[in-house]
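Notes for the structure review
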Amino acid sequence: MTGLSDSFQRPINYLRISVTDRCNLRCTYCMPSGGVSLLPHGEILSYEEIYTVAQAAAELGVNKVRLTGGEPLVRAGLPQLIEMLAQIEAIDDISLTTNGTLLGGYAAELKQAGLRRVNVSLDTLKQDKFKLITRNGDNLGEVLEGIEVARSAGLNPVKLNMVVMAGVNDDELLDFATKTIAEEWHVRFIELMPFVGKGTNAPRFISANEMRQRLEQLGGLESCLPGIGNGPAKYFRFAHARGTVGFIAPISEHFCFHCNRLRLTADGKLRPCLLSEYEIDLKQPLRSGISLAGLKQLIEEAVANKPLRHRMAEGYVPKERPFSQVGG
Ligand code: SAM
């Protein structure tokens with residue numbers, strides 16, 4: 001096999017880069033109520049350092065990059081980073097995961113810089129609930145507008161990610177699904193993962209299977225191909241619908257067997273698995289002048305240590321760093 005592959009013969013071609021640990025929302029399922037201690041600016045990789053890691057990864061076979069956070073759009077100059085990454089010839093797909101609050105103001109510039117597509121986290125269509133889930137957001141209107149602006153700017157497709165929580169937003173499952181029939185909405189319903197460090201999300205968990213059964217009140221679902229980006233979601237469509245629904249089941253189904261990802265945290269740790277604490281520091285070597293060849297060796301070492309699967313279904317919860325800090 002050419003390119004990068006781990007010890008279980010999974011091809012690794014996708015790097016998720018967290019560009020900041022800062023976020024302008026504080027979603028209950030993602031961040032502890034007391035917030036998190038933020039990294040000093042000097043601890044965060046510069047855009048040049050991120051570029052160097054991406055370049056080394058690309059030389060090893062990575063061709064897809066996704067920018068995430070924290071909230072990536074709160075970091076100044078994100079379009080410049082995208083422009084830099086777009087110059088790496090082997091990288092043919094640059095995407096972004098965002099909460100959408102700042103997307104409207106940036107979409108055109110991001111597209112111009114080389115961004116191809118965007119995923120927006122959207123857990124509710126109701127302003128009062130948006131405020132409750134995000135702990136401080138009055139800006140649902142801005143998110144919805146950002147989605148439209150992104151579409152008009154040609155960021156295609158815009159996928160919407162909804163983390164489904166019993167008693168919080170599961171009453172909106174059908175509202176989201178209905179949107180996929182009349183409009184070109186691509187909604188992915190995500191199983192709630194345990195809260196890092198506390199593991200207290202369990203009472204709110206709903207399996208992808210149950211979500212699907214509830215959606216079928218609206219009609220039968222036909223399986224369809226993922227289109228662009230073959231991540232962990234399984235996609236379906238209602239008959240004659242303009243959009244699609246997808247399910248991401250990190251808990252009830254093991255999506256690990258097809259995992260093709262590496263993650264770079266904002267402070268320069270390379271993690272081969274979101275849900276395990278194993279990581280390799282790249283920041284210190286970068287700041288000590290490591291060669292590209294040396295960097296590639298470190299990336300290969302991380303890949304060689306990629307675990308076969310996470311153990312959350314057995315009750316294991318990673319102890320350190322909430323998703324806001326790893327780049328969920
Ligand atoms: N700020 C950006 C956003 O809101 O999309 C990017 C970072 S956010 C940590 C990335 C993704 O992680 C979001 O789609 C969010 O829904 C997901 N996420 C965070 N905590 C989660 C949890 N406990 N269970 C499932 N998904 C989670």
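This write-up is about the structure you can find in this document. (Residues numbered from 1 in each chain as written. Predicted model: local features only at pLDDT ≥ 70, side-chain atom pairs only at ≥ 80, totals over all residues. Heavy atoms only, no water.)

**Some thoughts on the environment of Val65**
Turning to its location among the elements, Val65 is positioned in strand S2 (residues 64–68). When sequence neighbours within four positions are dropped, the list of residues in contact with Val65 reads Tyr14, Leu15, Ile17, Leu85, Ile91, Asp93, Ile94 and Ser95. (Helix = DSSP H or I, 4+ residues; strand = E, 2+ residues; numbered from the N terminus. Contact = heavy atoms within 4.5 Å.)

**Some words on the nonpolar core**
Ranked by internal contacts, the top residues of the largest apolar core, which has 85 residues, are Leu67, Leu78, Phe189, Leu215, Phe247, Leu282 and Ile299. Considering each element in turn, this core owes the most residues, 8 residues, to helix H1 (residues 47–60). Those residues in contact with Leu215 that sit more than four places away from it in its chain are Leu173, Leu174, Ala177, Phe189, Leu221, Phe238, Val245 and Phe247. By size, the runner-up hydrophobic cluster in this structure holds 5 residues, among which are Met193, Ile251, Cys273 and Leu274. (Core = buried A, V, L, I, M, F, W, Y, C linked by side-chain atoms within 4.5 Å. Buried < 20%, exposed > 50% of the residue type's maximum accessible area, 1.4 Å probe, protein only.)

**Focus on helix H9 (residues 292–304)**
Because an α-helix completes one turn every 3.6 residues, residues spaced three or four positions apart along the sequence face the same direction. Compared with an ideal rise of 1.5 Å per residue, which puts 13 residues at 18 Å, H9 spans 18 Å between its outermost C-alpha atoms and is within 8% of the ideal. Among the residues making up H9, those that are buried are Gly294, Leu295, Leu298, Ile299, Ala302 and Val303. For H9, the elements touching its buried residues are H1, strand S10 (261–264), strand S11 (269–271), strand S12 (280–281) and helix H8 (283–287). (Expected span 1.5 Å × (residues − 1).)

**Some points on the side chain of Arg16**
Residue position: Arg16 is located in strand S1 (residues 14–18). Engagement of the side chain of Arg16 in a polar contact is seen with the side chain of Tyr14, the distance being 3.5 Å. (Polar contact = N/O pair within 3.5 Å; in protein donor to acceptor, adjacent residues only side chain to side chain.)

**Overview of the state of the cysteines**
One pass over the full model with this rule turns up 0 disulfides. Free cysteine: Cys27, not disulfide-bonded; nearest cysteine sulfur from Cys30 at 6.3 Å. The class for Cys27 is buried, based on a relative accessible area of 16%. (Disulfide = S-S within 2.5 Å.)

**Focus: the pattern of salt bridges**
Counted according to the given criterion, the structure contains 19 salt bridges. Notably, a salt bridge pairs Lys126 with Asp171, separated by 3.5 Å at the nearest N-O pair. With Lys126 in the loop between strand S4 (117–121) and helix H4 (127–134) and Asp171 in the loop between strand S5 (158–164) and helix H6 (173–182), this residue pair connects regions lying 45 residues apart in the sequence. Residue Glu148 is joined to Arg151 by a salt bridge in which the shortest nitrogen-to-oxygen separation is 2.8 Å. Remark: Arg151 and Glu148 occur in helix H5 (residues 140–152); sequence separation between them is 3 residues, near one turn of the helix. Residues participating in the shared-partner salt-bridge network are Lys126, Lys129, Asp171 and Glu172. (Salt bridge = Lys/Arg side-chain N within 4 Å of Asp/Glu carboxyl O.)

**Let's talk about the sheet that holds S11**
Ordered by their spatial adjacency, 12 strands build an open sheet running S7-S8-S9-S6-S5-S4-S3-S2-S1-S10-S11-S12, and the pairing between neighbours is mixed. Where the open sheet ends on each side, the last strands, each with one partner, are strand S7 (221–224) and S12. (Pairing = 2+ DSSP bridges.)

**Concerning the packing of aromatic side chains**
Applying the stated rule across the entire model yields 3 aromatic pairs. Grouped by ring-pair contacts, the aromatic residues Phe189, Phe236 and Phe247 constitute a single cluster. Here Arg212 stacks its cationic end above the ring of Phe236, 4.4 Å away from the centre of that ring. (Phe/Tyr/Trp six-rings, centres within 6.5 Å; stacked < 30°, edge-to-face > 60°. Lys NZ or Arg CZ within 6 Å of the ring centre and 35° of its normal.)

**Things to note about the environment of His240**
Locating His240 in the fold gives a position in the loop between strand S8 (234–238) and strand S9 (244–248). Each C-alpha atom, one on His240 and one on Ala182, is 9.0 Å from the other, the two residues being 58 residues apart in sequence.

**Some remarks on unusual backbone geometry**
A cis amide bond links Asn156 with the next residue in sequence, Pro157, at an omega value of -5 degrees. With respect to the helices and strands, the residue Pro157 is situated in the loop between H5 and S5. Look at Gln9: it is not a glycine, yet its phi comes out positive at around 65 degrees. Its place among the elements puts Gln9 in the segment before S1. The phi angle at His240 is positive, at roughly 65 degrees, despite the residue not being glycine.

**Section: the packing of H6 against helix H7 (residues 208–215)**
Between H6 and H7, the shortest axis-to-axis distance is 10 Å and the interhelical angle comes to 65 degrees. Relative to H7, H6 is oriented roughly perpendicular. The hand of the H6/H7 crossing is right-handed. Side by side, H6 and H7 meet where Leu173, Leu174 and Ala177 of the first sit next to Met211, Arg214 and Leu215 of the second. Its residues assigned to classes, the contact of H6 with H7 comprises 5 nonpolar, no polar and 1 charged. (Axes fitted to C-alpha atoms, helices over the stretch in contact; angles between N-to-C directions. Parallel < 35°, antiparallel > 145°, perpendicular 65-115°, else oblique. Left-handed = near helix turned anticlockwise from the far one by under 90°. Nonpolar A, V, L, I, M, F, W, Y, C, P; charged D, E, K, R; others polar.)

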